[in-house]
Every structure is written in C-alpha cells, then in structure tokens.
Number of protein chains: 2
Amino acid sequence: MSLQGQMSPPHRDNDAIMLVLEALANRFGDRFSANRTVREQHANITSWHPVKIPDGVVYPESTAEVSEIVSICAKHRVPIIPFGTGTSLEAGVNAPFGGVSIDMGRMSRVIAVNEDDMDCVVEAGVTRKQLNAHLRSQGLFFPIDPGADASVGGMASTRASGTNAVRYGTMKDNVLALTVVMPDGSIRKTGTRARKSAAGYDITRLFVGAEGTLGIITELTLKLHGIPQTIASAVCSFPDLESACNAVITTIRYGIPIARIELLDEVQVHACNVHSKLTLPELPTLFLEFHGTEAGVQEQSGTVAEIAKDFGGGSFDWALQAEDRTRLWEARHNVYWACLELRPGSKFIATDVCVPISRLAECMVQTKADIGKTGLVAPIVGHVGDGNFHVSVMAMTDDPEEMARVKAFIDRLNLRAIEMNGTCTGEHGIGEGKQEFLVREHGANVDTMRAIKAALDPHNIMNPGKIFRSG
Amino acid sequence: MSLQGQMSPPHRDNDAIMLVLEALANRFGDRFSANRTVREQHANITSWHPVKIPDGVVYPESTAEVSEIVSICAKHRVPIIPFGTGTSLEAGVNAPFGGVSIDMGRMSRVIAVNEDDMDCVVEAGVTRKQLNAHLRSQGLFFPIDPGADASVGGMASTRASGTNAVRYGTMKDNVLALTVVMPDGSIRKTGTRARKSAAGYDITRLFVGAEGTLGIITELTLKLHGIPQTIASAVCSFPDLESACNAVITTIRYGIPIARIELLDEVQVHACNVHSKLTLPELPTLFLEFHGTEAGVQEQSGTVAEIAKDFGGGSFDWALQAEDRTRLWEARHNVYWACLELRPGSKFIATDVCVPISRLAECMVQTKADIGKTGLVAPIVGHVGDGNFHVSVMAMTDDPEEMARVKAFIDRLNLRAIEMNGTCTGEHGIGEGKQEFLVREHGANVDTMRAIKAALDPHNIMNPGKIFRSG
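Residues numbered from 1 in each chain as written. Chains lettered and ligands numbered in written order. Predicted model: local features only at pLDDT ≥ 70, side-chain atom pairs only at ≥ 80, totals over all residues. Heavy atoms only, no water.

Caption draft 1: Spatial organisation of the pattern of salt bridges. All names here are of chain A. Across all of its chains, the model carries 60 salt bridges over all chains by this definition. The partner of arginine 205 in a salt bridge is aspartate 202, and the shortest N-O contact between them spans 3.1 Å. For arginine 205, a relative accessible area of 6% gives the class buried. (Salt bridge = Lys/Arg side-chain N within 4 Å of Asp/Glu carboxyl O. Buried < 20%, exposed > 50% of the residue type's maximum accessible area, 1.4 Å probe, protein only.)

Here you go:
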C-alpha cells in the first residue's frame, strides 16, 4: 500500500468546487459566504505563515448540519477546513488546496452541566471564557487556558494546554468524549460520561490533537473542576535562568500541586513592564499560582518560597486580591501584544519546544546564547512546570536575510529539543509549520499516523496539508 | 472496503504453523517451547472463559528479538498473542486461532530511572511490584495498582487502573511513550520523554488499551510520583449503599485529593472478615487512603470524616501504621480469594461497569436488587471515586441453568451501565468476554476502531479474536 500516494494533495477541481459552493449557498442561504473579506478572515491571520484562503465559508448550527456539509464536500472530494476562532499559531485554518471553511462559531451552546459528575457537554464553538462565565455560579471551572479565548473544539484539535496544565493536565486529560463528523459525513460518538473506560481503542484521544485531519469535532464532554477555596498568586525574580529552572524542578520534585508556574526571561519582563505598566525587576522571573484550601495554599506557598530562596530567588511579591491576580495574569497573557511593541513593525513568530524538565535549564541557556549569537529580538516565556517554553521571535518577515537567520535559529531550537528527548511542539500543534520536525521527532511512527489518516480519510479531504507533508 | 471481511478469523494453516514453530525452535532453542503444560500455562487461567491454548511459547529478551519473532509469524500469517503475567479477567491471553504466545517475562529490566523528571524507562515484562521495589530508595513510586502483580506491558494494553486511579489516573494518564513492534515486525517509538506534546496523532494512547491487537508493547516510558510524606488509611461503615455512595460523591465534589476510596458491600465485608481475619461491622464500608503532607492529610481526613458523618457513616477506624495499612489493603486486594471461600467449588466471574458518579448509587442499588432476585452469591466491591464497581459472581460454571441466569444478570448489568451513560468495562478490557457490549456501547464508533485495526494489521495476526467479533 502506497501511503505516500494516499497522502498526495487533493486535485483542485474547480468544477467540483463550484458545484459544492452552489449546493451550500442553496442549502444555507445567508449562513454561507463566498465573499472575499469573509474568506480572508477564515485563513491564517494570527501567525507569520502565508495566508491561503478557502473558497467559501459556511456556518452550521448543529451536528446534523455539519454532517450535511461534509457529505456534500465528500461527494465532490472538496477539502474541508474546520474553523474555531482562528487563533492557531501554526496556520491550522489555512486552506492550501482551497475548499470550504466550516465556521463553528454558531455552535456555541452549553448543552448540559452535570454538577455532581463535574462534567459538561458543549458544542465545539463554545469558547473557554464563555464556558467559564457559564460555570462560575455553580462553583466549577474548566482549567485549560492557552491564552487566546479559543473554542473548545479548536483546543481539543490542537491538544492545547497553557498555564494551568502543570496541575490540571492538557486537553488530552480533560476530554471525556466527543461527537465527531467523519470524512464521509457519518456522525460518531467516541465515548461516554464514565470517568474511565477500557472499552476498545481510545478514539477520543485519537481525535484530540488530530488538527481536524480525521473529522470534525462538533460536541465535547469535558471534565470540570471545583473552583478552589483559596487562590494566591506571586512573582519572584532570580539572578539567572538556571536558578529559576532549578527552583521549578525542585518544586515539581517535591510533589507540590502548584497550579501555575511560568517563567519569563528578563527581555520578556521588560516587554511586560512597558506594555502592562508593571514595575517588576527586569530579571528572570517566575509567575506562580497556588490553589487549595487556605491552609493548603499557605503550606504550599511557604514551601515554594523556601525553595526559591535556596536558589537565590528574591522574596515573593504577592497578589492576593482578585484584581491584582487578574492584572498579573493579564500581563502574562498579553505577552503577544507586549512583544509586538518591543520591535515596532515586526511580526511575532512563535516557537514551542518542550523537554524533560531535567534538561530545561540547559535547553534555555543554550537557546538564549543562540538568540544572542543570531542577533534576534526574542523574549522567552515558558510553562516551565511541564518543561515547555516559547521563544517569541520578533522578526521583519519581509526581510529575506533576517528570515533565513530566523528559520535557521528555529530549526536549531527544534532539533535541540528533539535531541534532548523532547518535542518540537508542546501545545501549538504541527499545522503547516512543523511537518519536517514531526518526521525528525517521530521517525517511522509517522507511518503509523499516515496509515490511520489513509484509512479514515482515503481521499484526504479533511484539512489537507496539515500535520503531514503533501505531495 | 469490507471491514468485516478484513476482520475475518485467520485461516488456520497447519503447515504454516509448523514452519513457524520450527523456525522459532531453531532460532530460540530452549527459549521456545511447544510442551503442552507450558502452552496451557499461557492460555486463560484466571477467568471462567474456556481455555484456548497456543501452539507454541517463545521467550524473547529484547525488542529486536520480538521483532524477529513477529517477522517470522507475519511471513506465514500465524497469530501472535502477547503474554505478560496472564492475569487478564477477559481471556486476553487466550489463543482462539492458535499461534504463538510471546511471553514477555524475560524482558524485565528497568532501563533508566530519571529522578529529576520523575519518569522511568522499563521493559514490558517488569511487574508493578518489581518496579515499586526498585523505586523505593529514590522516594518515587508508580501508582497504578490493579490488584494483581501484573506486568506494565499488560497493564498498558488493557488500560488498567485500580484503587489509586481516583487520584493518580489510569495507565492512559501515566504512560509517556512506548516502543512497539508492529504487525509487520517493524519497531516504532510512539513518543518522547516530554511531559506533553502536540506533535501529530496520539499513537501512545492508541496502543494503551488496544489489548495487543495492533502490535506488541516492548518498552514503556512511565510517569512516576513522589512517595507522599504522610499516608493514612481508614475504614468507615454506613447504614446502606446509598449513603456510602453519597459520601463519595460529596468528597469528590469538594475536590479532596483522596488517594483511594473503595466501597465494599456487606457481603464482601463478610467475605473479607472470614478470609483475612478482620472484625469489621458487616455493613457497606468505605476503605479510604489519604496522601500528602502531615497537615494536608489531617485536613483532608478531617473533612471526609465530617462528610461521612453527614451521611450516617460511623467513626473512622484508622490504620496509621504501615503494617496496619498493609493488612487492610491486602484484605482489599484478596477479595478474589475471599470470594472463592464464600461458596466452595464456585468460580469467580468478574464484572466491571463504570457509570457517572451521580448514577452510582442508583446503579448499585438496582444491581443489588437484581442479585437478590436472580438468586446469586455476588459480593460488590468498587473503585467508587471513579464510578467503577465490580460484582464478583461466584458461580458453579458447570451448571448450565445457573450459568444462563448468570449470563442474563451480567447482560442486564452491562446494559444498565451503558443506559446510564457509562461503560461495560472500567478497567478489565473487552478481551473475549465483552465484544457484544463494545458494540452496544460504541455503536458506529466501532467501525472507526475496525478501520484502524484493518489499516495497521491487515492480516489480523495480532491477538485475533480479541476486542472485535471475528467471523
């Protein structure tokens, strides 16, 4: 079986596309658009990758409608690109072979919240902030927080995580079941509301992180957590990256159930000071958050403060009030905007390596030296409790010489992480940007992935050109 | 594509089997056996399912040797049955179409323990007790505890969990990466040592729970946890099942990170009293365990004691010393033997439903009434924090009338759980015993599973006759 053959790019058949657009326009009326501006809004807009727009955009309101759309596209072998909020950092919503963008924004109903079971059933277009606003009065929350107010369908598709993952896990750990529309339009449910199951293959986990290449997620059953009795945040600066990393390793090794432990290098702290009007010392800094009972939080934070001191950290600067905490974490979430101000006219190029935590200091220090040698403006921020960090390269993307240097730097960074037994992407996904490194990282295991893709989507109509190299 | 066709049973070709046995005997010498006693030891011996023995047993000592064995079998399309310690409760090691049992017992090396990263790399034949003995001096432990001293390869293949899962998760949550030998003999690595990754399909999670039907796991990278500073165990009895269940729901809802919360009904408590010489009140009883700092354990247990009281529970009977705790949990783990004593001459038939915790009381009470009406000796024990419970039906398996009643009871139990949005198996797997209920539970999602099976193992040589109905 020639898998490579089965992964070849879909042949662009303009007649087929016209037939599909006409059928969708007839069926969905003003919930379909072929307007250029609308189509441009449904291509990659949040990353530096070249924009590749779809031929049309459709707005379903139910799983049954998604099934109809997919059936129409499947009949004519026209590509389908699932669209959540468009915040992919690896151009996951681009349409390199054209086709139909399915905008899930109208599927934003919270179908059920089961308080006793601490789970909920939601449509894929629900965003994490919308969900948490809905849950607040029940004392529950959904912890996955990738920064952007992404849709839960998109978050599942990219196996998102973010700042709370060190304690609450990633999307992989917080999805109980999915409703998916398969590449032939059939509707399938991948699990139940049981907390665990040993019944057959874990199709739920196969769809989490598949980036829409195996089907479209239309509904999710998600695990929820109780809002902690006490939440306390703090910042603590360190003389150098290595000391900060070692404090993190020790904290994790002690088994302290810390909720967030984020590292910003001095360049990033400077950018946040400017953008968010903070006055933090411009040194490598940990942003910390503790969740628990009052006594539990006190005990945890006391232990971490001791650990920090042992590694030369300064005293904890506490944000105990809700508004101070919000200000702190907003500053953390706004690094994207802070970075853009750092070098006016530049574009933000995200990287996303994740290494075993024992290699974190070494990986960051080598990367920092590489940034200096390469002459880049590139702050670092990391979900260091998981060994995951992002270098935000602020680049003039229309300068080919600079882009060549940037590309070479990112290649070295990805290979460095892979050589340290880590991954080229902790949470952003492969999309269009990291296909070469997927192969470097996984080797022959990519053949297993390709075989599954070919078996479930033999005509390669589901988000073609993502994860796997085409052609 | 006729998936059903691709899942048809392997044609038993006696000439091919003779060729394979000869090749293995030549290559592996006394690490191969076609002796009948040895072969009988490598079929189902721990459950009531009929025994189906393999044609030969081989004992590899490395991944490369497993690859050789699989290549030989693949060439002649002879079935392969991976064998860990043979403790499957659903006949996962049976050989319904004959073939070669690969006994992983000699692949029992702990390859690396990475203290700072809290992970380890081990061969698949390592057992959980062996691993924990190895780890103790480093202050680390591997939490998954299905009762039996199973091999970690077998535990991964059945997505095992057990008493600690409510806090530490199941095998799904504690495997970082696998080395697998695919059905064509090729060796693949499914992940890295990074704590999280968004690089491509989650092939690790696909192999966890695949029951050896997609390939053989030969090495595992496992997450480890720090041995808690303080461990405290207690028992608490309740007037009825419902009160005990409600105490559990409230405990989970409060977010208390309880390490173990096990429910035994009064029949099971009686059996344990007799077998393990305990003097517990013969009432529905919770076995509890708390892990944490001294203050944390005190706080947790204080809160749970209050909750128990609110639901009519008695006072906590504490087992604070290590030997008392061991005695208590040994009694819990020995329910298999305790049950056998309950009805001399009977065999132990395990069930394994798991429901959303809000339905647990209802499901248990209905099941209890059904046991009474059906006239069975059938104690109940449950990992109730996850909504998972086992009815141990003690049956005279050579009495067809009784077995018909037992079978009808188990069918009703599985359907009851599925109707409550639960699963027919929380942790034992499908094996030979639950194939009908996999279809009831998953519907068309089984087609997705079959398509993957057909893509990765087109000749159905990997543990044929398990998970999917053949023929």
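Caption draft 2: A look at the domain arrangement of chain A. All names here are of chain A. Domain boundaries in chain A define domain 1 (3–105 + 444–456), domain 2 (107–226), domain 3 (230–336) and domain 4 (339–429). The interface of domain 2 with domain 3 comprises seven residues on the first partner and eleven residues on the second. Buried surface at the junction of domain 2 and domain 3, summed over both partners, amounts to about 770 Å²; 52% is from carbon and sulfur atoms. When the buried area of domain 2 at its contact with domain 3 is split by residue, Thr163, Val166 and Arg167 rank highest and sum to 66% of it. Across the contact surface, domain 2 and domain 3 share one salt bridge. A salt bridge links arginine 260 to aspartate 145; the nearest nitrogen and oxygen atoms lie 2.8 Å apart. Our count for the contact surface shared by domain 2 and domain 3 stands at seven residue pairs in polar contact (both at pLDDT 80 or more). Considering only residue class, the side of domain 2 that touches domain 3 consists of two nonpolar, three polar and two charged. (Domains from an automatic or database assignment. Contact = heavy atoms within 4.5 Å. Buried area = accessible area lost by both parts, 1.4 Å probe. Polar contact = N/O pair within 3.5 Å; in protein donor to acceptor, adjacent residues only side chain to side chain. Nonpolar A, V, L, I, M, F, W, Y, C, P; charged D, E, K, R; others polar.)

Caption draft 3: Summary view of the relation of the copies chain A and chain B. Structural alignment of chain A on chain B gives an RMSD of 0.0 Å, achieved by rotating through 180° and translating 0.0 Å along the axis. Taken together, the turn and the small shift mark the pair as related by a two-fold rotation axis. (Least-squares fit on C-alpha atoms with pLDDT ≥ 70 in both.)

Caption draft 4: Expanded view of the sheet that holds strand S10 (residues 216–223) of chain B. All names here are of chain B. One open sheet accounts for five strands, arranged S5-S6-S10-S8-S9; its pairing is antiparallel. Edge positions in the open sheet fall to strand S5 (110–114) and strand S9 (187–189), since each of these has one partner strand only. Direction aside, the axes of adjacent strands within the sheet are offset by 10° on average. The pairing of strand S8 (residues 175–181) with S9 spans three bridges and is antiparallel. Its bridge partner being in S9, valine 180 is matched across the sheet by arginine 188. Packing of helix H5 (residues 128–135) onto the sheet brings it into contact with S5, strand S6 (119–123) and S10, and relative to S5 it is tilted by some 45°. (Pairing = 2+ DSSP bridges. Helix = DSSP H or I, 4+ residues; strand = E, 2+ residues; numbered from the N terminus. Axes fitted to C-alpha atoms, helices over the stretch in contact; angles between N-to-C directions.)

Caption draft 5: How the structure looks around the sheet that holds strand S3 (residues 80–83) of chain A. All names here are of chain A. Strand order in the open sheet made by the four strands is S1-S2-S4-S3, with mixed pairing throughout. Edge positions in the open sheet fall to strand S1 (32–33) and S3, since each of these has one partner strand only. With two bridges connecting them, S1 and strand S2 (residues 56–58) associate as antiparallel partners. Note on S2: the bridge partner recorded for serine 33 is valine 57. Against the sheet, helix H4 (residues 63–76) makes contact with S2, S3 and strand S4 (100–103), and its axis sits at roughly 170° relative to S4, the strand it touches most.

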